[in-house]
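Coordinate analysis (summary)
One-letter residues, chain by chain:
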Amino acid sequence: MRIDSHQHFWKYHPVKEAWINKEMEVIKRDFLPSDLEPLLTDNQFDGCVAVQADQSEEETHFLLELAKDNDFIKGVVGWIDLCAENIEERLEYFCKYEKLKGFRHIVQAEVDINFMLWESFQNGISKLGKYNFTYDILIFPKHLENAIKLVAKFPEQKFVIDHLAKPDFKNKEFSDWETGIKAIAKFPNVMCKVSSLVTEADWKNWRVTDFIYCLNVVTEVFGMDRLMFGSDWPVSLLAASYAESCNIAGHYFSKFSKEEQDKIWRKNAIDFYRLE
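We now turn to the structure provided with this report. (Residues numbered from 1 in each chain as written. Predicted model: local features only at pLDDT ≥ 70, side-chain atom pairs only at ≥ 80, totals over all residues. Heavy atoms only, no water.)

Side note on the overall build of the protein chain
Scanning the protein chain from N- to C-terminus turns up nine helices and eight strands. The C-alpha radius of gyration of the protein chain comes to 17 Å, within 12% of the 19 Å expected for a compact globule of 276 residues. The dimensions of the protein chain, computed from C-alpha atoms along their principal axes, are 45 × 40 × 40 Å. When the 276 residues of the protein chain are sorted by exposure, 56% land in the buried category. Considering only intrachain contacts with a sequence separation of at least 6, the fraction spanning at least 24 residues in the protein chain is 80%. For the protein chain, the accessible surface area stands at approximately 12300 Å², while carbon and sulfur atoms represent 49% of it. Side chains of the protein chain give 34 positive and 45 negative charges; the mean places of these two sets differ by 2 Å. (Helix = DSSP H or I, 4+ residues; strand = E, 2+ residues; numbered from the N terminus. Rg over C-alpha atoms; globule rule 2.2 N^0.38 Å. Buried < 20%, exposed > 50% of the residue type's maximum accessible area, 1.4 Å probe, protein only. Contact = heavy atoms within 4.5 Å. Areas by Shrake-Rupley, 256 points an atom, 1.4 Å probe, with all protein chains shown as cover. Lys, Arg positive; Asp, Glu negative; His and termini not counted. Charge placed at Lys NZ, Arg CZ, Asp CG, Glu CD.)

Quick notes on the pairing of strand 2 (residues 47–51)
Among the five residues that make up strand 2, five are buried, leaving the element largely enclosed by the rest of the structure. Because side chains alternate across strand 2, one face comprises the buried residues Gly 47, Val 49 and Val 51, and the other comprises Cys 48 and Ala 50, equally buried. Looking at chain direction, strand 1 (residues 3–7) and strand 2 are connected through three bridges and run parallel. If you follow Ile 3 over to strand 2, its bridge partner there is Gly 47. Read as a crossover between parallel neighbours, the route from strand 1 over helix 1 (residues 33–42) to strand 2 is right-handed. Pairing of strand 2 with strand 3 (residues 73–78) involves four bridges; the strand directions are parallel. Paired with Cys 48 across the bridge in strand 3 is Ile 73. (Pairing = 2+ DSSP bridges. Right-handed = clockwise from strand over helix to strand, strands pointing away.)

Section: helix 1
Think of an α-helix as turning once every 3.6 residues; residues three or four places apart then point the same way. Every buried residue of helix 1 is listed here: Pro 33, Leu 36 and Leu 40. Burial along helix 1 is one-sided: seen end-on, the buried residues are contained in an arc of 65°. Residues of helix 1 that are exposed and point over 90 degrees away from its buried face: Ser 34, Thr 41 and Asp 42. Tucked inside the fold, the buried residues of helix 1 contact strand 1, strand 2, helix 2 (57–69), strand 3 and helix 8 (242–253). Just downstream of helix 1 lies Gln 44, where phi reads positive at about 60°. (Arc of directions from axis to C-beta.)

Here we look at unusual backbone geometry
Look at the link from Trp 233 to Pro 234: it is a cis peptide, with omega at 0°. Checked against the element boundaries, Pro 234 lands in the loop between strand 8 (227–229) and helix 8. Its identity as a non-glycine residue notwithstanding, Leu 164 has a phi of 60°, on the positive side. Counting through the fold element by element, Leu 164 comes out in the loop between strand 6 (159–161) and helix 6 (175–184). Overall, Leu 164 belongs to the buried group, its relative accessible area being 0%.

Topic: helix 5 (residues 144–153)
Of all the positions in helix 5, only Leu 144, Asn 146, Ala 147, Ile 148, Leu 150 and Val 151 are classed as buried. Check the buried side of helix 5 and you find it contacts helix 4 (119–128), strand 5 (134–137), strand 6, helix 6 and strand 7 (190–194).

Here's the deal with the packing of aromatic side chains
Counted according to the given criterion, the structure contains 26 aromatic pairs. Look at Phe 115 and Phe 121: their rings are 4.9 Å apart centre to centre, the planes differ by 50°, and that puts the pair in the tilted class. When sorted by exposure, Phe 115 lands in the same class as Phe 121, which is buried. Each member of the aromatic cluster is reached from another via a ring pair, and the members are Phe 169, Phe 174, Trp 177, Trp 206, Phe 211 and Tyr 213. The residue whose ring lies beneath Arg 2 is Phe 45, and the NZ or CZ to ring-centre distance is 4.5 Å. Positioned above the aromatic ring of Phe 272 is the side chain of Lys 158, whose terminal nitrogen or guanidinium carbon lies 5.1 Å from the ring centre. (Phe/Tyr/Trp six-rings, centres within 6.5 Å; stacked < 30°, edge-to-face > 60°. Lys NZ or Arg CZ within 6 Å of the ring centre and 35° of its normal.)

Structural notes on the pattern of salt bridges
Tallied over the full model, the rule gives 17 salt bridges. Residue Glu 200 pairs with Lys 166 through a salt bridge whose shortest N-O separation is 3.7 Å. Highlighted residues: Glu 200 in the loop between strand 7 and helix 7 (212–222) and Lys 166 in the loop between strand 6 and helix 6, separated in sequence by 34 residues. Each member of the pair, Glu 200 as well as Lys 166, carries the same accessibility label: buried. The salt bridge involving Lys 267 is made with Asp 271; its shortest N-O contact spans 2.7 Å. With a gap of four residues between them, Lys 267 and Asp 271 both fall in helix 9 (residues 258–273), about one helical turn apart. Via salt bridges that share partners, Arg 104, Asp 136, Asp 162 and Lys 193 belong to a single interconnected network. (Salt bridge = Lys/Arg side-chain N within 4 Å of Asp/Glu carboxyl O.)

Put into structure tokens, the structure is as follows:
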């Protein structure tokens with residue numbers, strides 16, 4: 001069994017998906033389970049984790065409905081207003097959904113770089129553990145300093161960094177990213193997704209070798225027990241096919257033992273998200 005720990009679904013709407021600009025025509029359409037299922041089968045995956053792309057509770061319900069109707073969707077990472085005064089009431093409501101495993105906020109799009117330090121946001125994070133919910137950290141390298149402060153404050157909360165915190169593969173400027181990722185990896189409650197590599201590279205001219213340096217770094221500092229593969233499909237289609245995204249990780253991790261590869265492709269995601 002292999003698990004894609006990070007992918008998205010949406011029914012395209014020009015307002016809701018306003019982040020999809022003219023350069024992204026290839027993903028300016030609906031992407032639903034019927035589109036993904038054959039790709040999973042062709043690439044030897046048995047399941048996936050659907051992650052929010054829109055910041056609304058409607059999005060969370062949309063993904064949960066898809067998961068209810070499609071058994072290969074093993075878990076959902078939804079959205080909830082973590083800054084809301086009634087956050088505990090909303091968590092109490094959502095904890096009845098077995099396939100809802102955690103939440104994410106698109107911190108990288110927040111105007112205030114200190115968003116993760118807001119008292120209201122941290123109050124929301126503090127409530128997640130009571131309901132056994134995880135939190136996906138979606139950030140750029142410039143946010144790593146504050147992400148470190150966040151995970152340090154909540155040592156019992158399960159965190160995972162999406163997309164390696166998006167190192168700048170296109171310009172190969174890794175200094176600040178490397179400092180931050182090495183620091184945050186010191187916290188044992190933090191995992192990291194090997195996902196969405198190609199979207200931070202030159203979409204038309206990337207090579208497999210472009211990603212080796214950063215993969216070496218995260219493998220060294222997180223170890224094989226705290227990494228998991230994710231495709232970031234369909235956003236990844238901006239630069240690569242589903243198979244190509246898989247093959248980048250496949251090529252890199254092929255030198256590891258079968259047991260270690262099993263952790264990257266399956267076990268770590270199952271353990272982190274409590275997948276059945």
